[in-house]
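This is what each chain is made of:
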Amino acid sequence: MDEPFGPEYLRPAQKECPRCDCCTGPLCAKGQNSLMGCAAHADEASRESVRACPCSAETTKRTAAWRAAQISVVKLATQKPLLPEVEGLLRDLVKNPVCEDPDGLFPQLMAYKLAVEVHGCAGITPLGLRYLAAREEPRFPTPVDVLSVDSSTRTAQVVVVGWDLETPVTVLLDQLISATLLSGDELPGKALAAHANCRAKSADDLVLTDITVAEKQPEVCLEPAGGEQA
């Protein structure tokens, strides 16, 4: 019987990713669920060429990096907001790019990835718009029930009671583990408490902060539409 391994053996080629021109499909499948993106799972020779892969970028919805960026910018807006003059400049960028920066405020916005420089002018980024939305939207304490966890994608499915009792929301598993100090195996079935923007239009817009393990399962009273009594 011929031995397939040896000096002439080559690993079977992997299929290219259909969504980008820098990675293989399996690499992007790992990268999109990694906070470090595709580069964290590439060999040293190709690491630099896949560093900007859109499949795992924080600008691409539903990647791990995107979910982490949403959490960070909401925490920035609600817990440690920008100085008024810096935030004022960010609001100005909503209407048009700003090309003059006499007070040297551009670098602060770009450090937080709220703005980007193009041809010497500053323009707002989607993360900048998310920051401004978080500054305005109300946040409420709410029970959160953990339905399941997926260790392969490092995500968890939860029900945010104050938002929708029937629609599961995907959150980062590592966010729950870090906040509760529970393992992934311990989380399913757990009742948590958090703050959330419960008037969010979609699950993608929902961001949980201040997550804790609930001391007891709170009673939830749902009024009929219009406040009528059943």
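Preceding this section is the structure that the text describes.
Nothing here was measured: the structure is a model prediction, and the numbers come from that model.

All right, on to the state of the cysteines then. As enumerated under the stated definition, the model contains one disulfide in all. Here Cys99 engages in a disulfide with Cys121; their sulfurs sit 1.7 Å apart. In this structure the cystine formed by Cys99 and Cys121 twists about its S-S bond by roughly 90°; its chirality is therefore right-handed. Placement of Cys99 in the loop between α3 (84-95) and α4 (106-111) and of Cys121 in strand β2 (residues 121-124) is noted, with a sequence separation of 22 residues between them. In this structure Cys99 comes out as partly exposed when scored by relative accessible area, which is 48%. For Cys121, a relative accessible area of 16% corresponds to the buried category. No disulfide involves Cys22; its sulfur sits 3.6 Å from the nearest other cysteine sulfur, which is in Cys23. Owing to a relative accessible area of 25%, Cys22 belongs among the partly exposed residues under this scheme. Looking at Cys23, the relative accessible area reads 2%, which means it is buried.

What follows concerns unusual backbone geometry. The phi angle at His119 is positive, at roughly 55°, despite the residue not being glycine. As for its position among the elements, His119 is in the loop between β1 (115-118) and β2. At Leu181, a residue that is not glycine, the phi angle is positive and equals roughly 65°.

The next point concerns the packing of helix α2 (residues 64-79) against helix α5 (residues 126-136). The description of two packed helices rests on the angle between their axes and on the distance between the axes. In the contact formed by α2 and α5, the axes pass within 8 Å of each other and the chain directions differ by 45°. Between α2 and α5, the crossing angle belongs to the class labelled oblique. In the packing of α2 onto α5, the handedness of the crossing is right-handed. Facing Ala69, Gln70, Val73, Val74, Leu76, Ala77 and Thr78 of α2, the residues of α5 in contact are Leu127, Arg130, Tyr131, Ala134 and Arg135. A class-by-class count of the residues in the contact of α2 with α5 yields eight nonpolar, two polar and two charged.

To continue, consider α3. Listing the buried residues of α3 in full gives Val86, Glu87, Leu89, Leu90 and Leu93. The buried side chains of α3 occupy one side of the element, clustering within an arc of 155° when seen end-on. Exposed side chains of α3 directed beyond 90 degrees from the buried face belong to Pro84 and Lys95. Where α3 is buried, its residues contact α4, β1, β2 and α5.

To continue, consider the environment of Leu93. Position of Leu93 among the secondary structure elements: in helix α3. With 35 residues separating them in the primary sequence, Leu93 and Gly128 have C-alpha atoms 9.2 Å apart. Those residues in contact with Leu93 that sit more than four places away from it in its chain are Val98, Leu109, Ala115, Ala122, Gly123 and Ile124.

Conventions and cut-offs
All residue numbers refer to position in the chain's written sequence, counted from 1. In view of the model being predicted, local features appear only for residues whose pLDDT reaches at least 70, and side-chain atom pairs are presented and counted only at 80 or more, with totals across whole chains, interfaces and linings using the full set of residues. The side-chain values count all of the structure's non-hydrogen atoms but skip hydrogen atoms and water molecules. Throughout, disulfides are identified as pairs of cysteine sulfur atoms within 2.5 Å of each other. Going along the chain from the N terminus, every DSSP run of H or I of four or more residues is numbered as a helix, and every run of E of two or more is numbered as a strand. Each residue is assigned to one of three classes by its accessible area relative to the maximum for its type, calculated with a 1.4 Å probe on protein chains only: buried under 20%, partly exposed between the two thresholds, exposed over 50%. Comment: axis = line fitted to C-alpha atoms, over the contacting stretch for helices; angle = value between 0 and 180 degrees taken between N-to-C directions. Orientation categories follow fixed angle ranges, with anything under 35 degrees roughly parallel, anything over 145 roughly antiparallel, 65 to 115 roughly perpendicular, and all other angles oblique. Definitions for this section: a left-handed crossing has its near helix turned counterclockwise from the far helix by less than a right angle. A right-handed crossing has that turn clockwise. Pairs of residues are marked as contacts when any of their non-hydrogen atoms sit within 4.5 Å. Residues are grouped as follows: nonpolar covers Ala, Val, Leu, Ile, Met, Phe, Trp, Tyr, Cys and Pro; charged covers Asp, Glu, Lys and Arg; every other residue, Gly included, is treated as polar. An arc is given here, and it is the one of the directions from the helix axis to the C-beta atoms.

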